[in-house]
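Residues per chain are reported as follows:
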Amino acid sequence: MNRLNLVPYPKSVEIFDGTLDCKALRIAGDECFAVSDFVDKVKGMGAEISLADGVKIIYAVGDCEISDKEGYILRIGDGGIDIKALEQAGLSYAFCSLRQLLFNYAFKLPYCLIKDEPYLKHRGLLFDVGRYFYSKDDVLKIIDLCYLHRLNVMHWHLSEDQGWRIEIDKYPLLTQKGSARSHTNFGIKPHKGFYTKADVREIVAYANERNIQVIPEIDMPGHIQSALACYPHLGCFDRKLPVATHWGVKHDPLCAGKESVYEFVFDVLDEIIELFGENTKYVHLGGDEVFKRRWQICERCQAVIKKEGLENEEQLLGYFMRRVCKYITDKGYTPILWNGLDADIEVSDDAVWQFWGGEGENDNDAARSAKSEGRQIASDSEHTYLDFPYGKLSLRKAYSFNPLNKGVREEKLLGAEISLWTEYVPNFKTACARLLPRMCALSEALWLKGEKDYSDFERRLGYTVKYLNREGFKSRALKIANPSKVRGNLQNAWFNRRVLHWQGLHNLLDDAYVSRKFSKKSKTK
Ligand code: ACM
Ligand code: ZN
C-alpha cells in the first residue's frame, strides 16, 4: 500500500501523480505562532524562505469543511500548498505535518490531499516530576515532543512522596524543604528542585501556544509524604517524616479527620487555580493507592467515620474526595481522579475518571466505568506506562493500544494518556529513551481510529525517528524497542527486582512501628 511517510497518520489521504520541489518557499497569510514556528524549523532544515520566489503556501483559518477545531486540510499540487483550518489549533497541526513531510521527502513532496482530524479530544502525556525533578528547559522540550505528536494535554504530576515541586506562597516549606530528598533509590546523591510560580506561568504559556492544556495534579490524600515532611500536623499522628528517599508508595496519607487538613488542601488548590489560568479546565486530584492503616487507628479519622455514618475507611476516602471535588467544581473546574476507589462509592457526577488498572480485566474498573456519570480517560498501565521496560511493553504492544480495551465506554470516552512515571527515569536522556519510539506508536493510537497496520507504521516510523533525532530527541532503535524474548525477560527481571527492592520491606517495618506506638497510645487514652 502506498501511504504517506507521516506519524501519526492523518485520517484521510489521497496521493496523486507528481511531486513539488519545495526547497524554496514563500508564505502568504496572517502572522501567527504556527507559521513562525514552522519557518524557524524548516529554515533549520535548509529551506529557503522568501517573499518573492519559491512554492507558495497559502493558508487561512475560518471557513473549512472540517468542523473539528483541531482538524485541517492540506493540499499539495502544482499550484503550490494550500492549508485550511477552522481554528489555530488545526492550523498548527497542518504546519506540524508539513514540516515533517518536508523532512521525510527531502523537500520533494508528493501531490496529495490530506483531510485530517483527531479521533480523541483529550490526548495527553502524564509527566511525573515528583520522583525526579526536571528543569524548566526539560519541561519545555517535553512540550515540544507533545506538540510534534499532536498531543494536546500535559498532565503534570507535581507532588509525590519523593518531592513537592510547585511553589505555594502560603506554605513556603513545601518547596524549601519538601522539594529535596537526602538520597535516591540507587544513588547516594541528594536530589532536589522545584518550579517557581514564574516558571509555571512560562511553561503554561509555552504549552498553550502549542494547543496544549497543562493539567496540574496534586495527588491526595496518599502519595503525599513530601508535604507531611514539611507540615507534620497534616498526618494522623503528627509524625516527623523525611521526604521519602526510596521508591514505593508510602503509607502515611493526609489525616481525613482534621479540618486543618481540608484548609491546607483548599488553600493549595486556590493558588493552583489562580496560577494555571483560564486555559486549564481540569485539576487532577489523584486519589490513587491510599493506604488506610493509619486511618484505622486514628481517633480523628474514626470520629469522622462515626459522625458521618460511614461504614469503613474506604468510605472515608470517598468522603475526603467528595469534599475536595466539590471545592473544585464550585470554582468552575472539573476534577480528574484515578480510579481505584470502590465503585459503589459516589464521589462527584462531574468528575472525570482516569483508568489505569493493571494487567487483565479489573472488576472494579468495569463497575465504575458502567456507573460513573462523568467522562473517562484511558491510560491502562499495560499499554501506556512508558517507564516499563521494552520487554514488558514493546513498541508493537504500544501500537496495539485501544482506549476501549479495559472496559472504558465509548460514549463516555474523553480521551487517553501516555504516562511517563519517573521512578527509574532520572534525566531527560533516559526520558527520551523510554518515550521514543513508543510515544510515536501511542500518539497514532490516540489520533487515528480503527484498523492499524504495524509493518507500515514501522516503515513510516523510520522517517519519524530520523526527524526526532535531528530535533535533538534521541530514540531507542527499533531492534531494542521490540526486544527478543530472552533480552525482554532479562529486562523484566531487572525491573521487577528493582520494584521489590525496599518498597515492601521499608513499609512493612514502618507499619509495625506505627501500630505498636500509636494504637497503644489511642487505647490507653
Ligand atoms: C498510578 O499508577 N498509581 C496511577
Ligand atoms: Zn487521621
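Structure's up top.
Cut-offs and rules
- Residues numbered from 1 in each chain as written.
- Chains lettered and ligands numbered in written order.
- Predicted model: local features only at pLDDT ≥ 70, side-chain atom pairs only at ≥ 80, totals over all residues.
- Heavy atoms only, no water.
- Helix = DSSP H or I, 4+ residues; strand = E, 2+ residues; numbered from the N terminus.
- Contact = heavy atoms within 4.5 Å.
- Lys, Arg positive; Asp, Glu negative; His and termini not counted.
- Charge placed at Lys NZ, Arg CZ, Asp CG, Glu CD.
- Patch = residues over 30% accessible without salt bridge, like charges linked within 9 Å, V, L, I, M, F, W, Y side chains within 5 Å.
- Areas by Shrake-Rupley, 256 points an atom, 1.4 Å probe, with all protein chains shown as cover.
- Salt bridge = Lys/Arg side-chain N within 4 Å of Asp/Glu carboxyl O.
- Pairing = 2+ DSSP bridges.
- Axes fitted to C-alpha atoms, helices over the stretch in contact; angles between N-to-C directions.
- Core = buried A, V, L, I, M, F, W, Y, C linked by side-chain atoms within 4.5 Å.
- Buried < 20%, exposed > 50% of the residue type's maximum accessible area, 1.4 Å probe, protein only.
- 1 Å grid on protein atoms, 1.4 Å probe; cavity = no way out; pocket = protein on both sides within 12 Å on 5 of 7 lines; lining within 4 Å.
- Points joined across faces, edges and corners; volume = space filled by probe spheres on them.
- Nonpolar A, V, L, I, M, F, W, Y, C, P; charged D, E, K, R; others polar.

The next subject is the overall build of the protein chain. From N to C terminus, the protein chain includes 19 helices and 19 strands. With respect to the three principal axes, the spread of C-alpha positions in the protein chain is 90 × 50 × 45 Å. For the protein chain, the proportion of contacts with a sequence separation of at least 24, taken over those separated by at least 6, is 77%. Looking at charge distribution, the protein chain has the averaged site of its 74 positive side-chain charges lying 7 Å from that of its 73 negative ones.

Before going further, it helps to spend a moment on a negative patch on the surface. Where like charges cluster on the molecular surface, the negative patch consists of Glu346, Asp349, Asp350 and Glu373. Within the secondary structure, Asp350 is located in the loop between β16 (334–338) and β17 (352–355).

What follows covers the sheet that holds strand β7 (residues 108–116). The strands that make up a sheet are held in pairs by hydrogen bonds between backbone atoms, and each pair lies either parallel or antiparallel. Taken together, seven strands build an open sheet; the order of strands is β1-β7-β5-β6-β4-β2-β3 and the sheet is mixed. Where the open sheet ends on each side, the last strands, each with one partner, are β1 (12–21) and β3 (48–49). Here strand β2 (residues 24–28) pairs with β3 via two bridges, running parallel. The residue of β3 that forms the bridge with Leu25 is Ile49. Sheet contacts for helix α2 (residues 88–104): β2, β4 (55–61), β5 (72–77), β6 (80–85) and β7; angle to β5, the most-contacted strand, approximately 35°.

In this structure, Ile81, Leu98 and Trp156 are the most contacted members of the largest nonpolar core, which totals 166 residues. Among the elements that line this core, the one with the most residues is helix α7 (residues 259–276), at eleven residues. Aside from chain neighbours lying at most four places away, what touches Leu98 is Phe38, Ile57, Leu74, Ile76, Ile81, Ile83 and Leu109. Counting residues in each nonpolar core, the second largest holds seven residues, with Val153, Tyr282, Ile336 and Ile377 among its members.

The full count for this structure, using the stated rule, is four cavities of 30 Å³ or more. As a volume, the largest cavity reaches approximately 50 Å³. Within the residue set of the lining of the largest cavity, elements represented by two or more residues are α10 (313–330) and β16. Broken down by class, the residue content of the lining of the largest cavity amounts to seven nonpolar, two polar and no charged.

Here the focus is a positive patch on the surface. Together, Lys429, Lys474, Arg476, Lys479 and Arg487 give the surface a local cluster of positive charge. Within the secondary structure, Arg476 is located in the loop between α16 (454–470) and α17 (478–481). A residue is classified by how much of its surface remains accessible, and Arg476, at 34% relative accessible area, is partly exposed.

It is worth stressing that arrangement in space is one thing and function is another; only the former is reported here.
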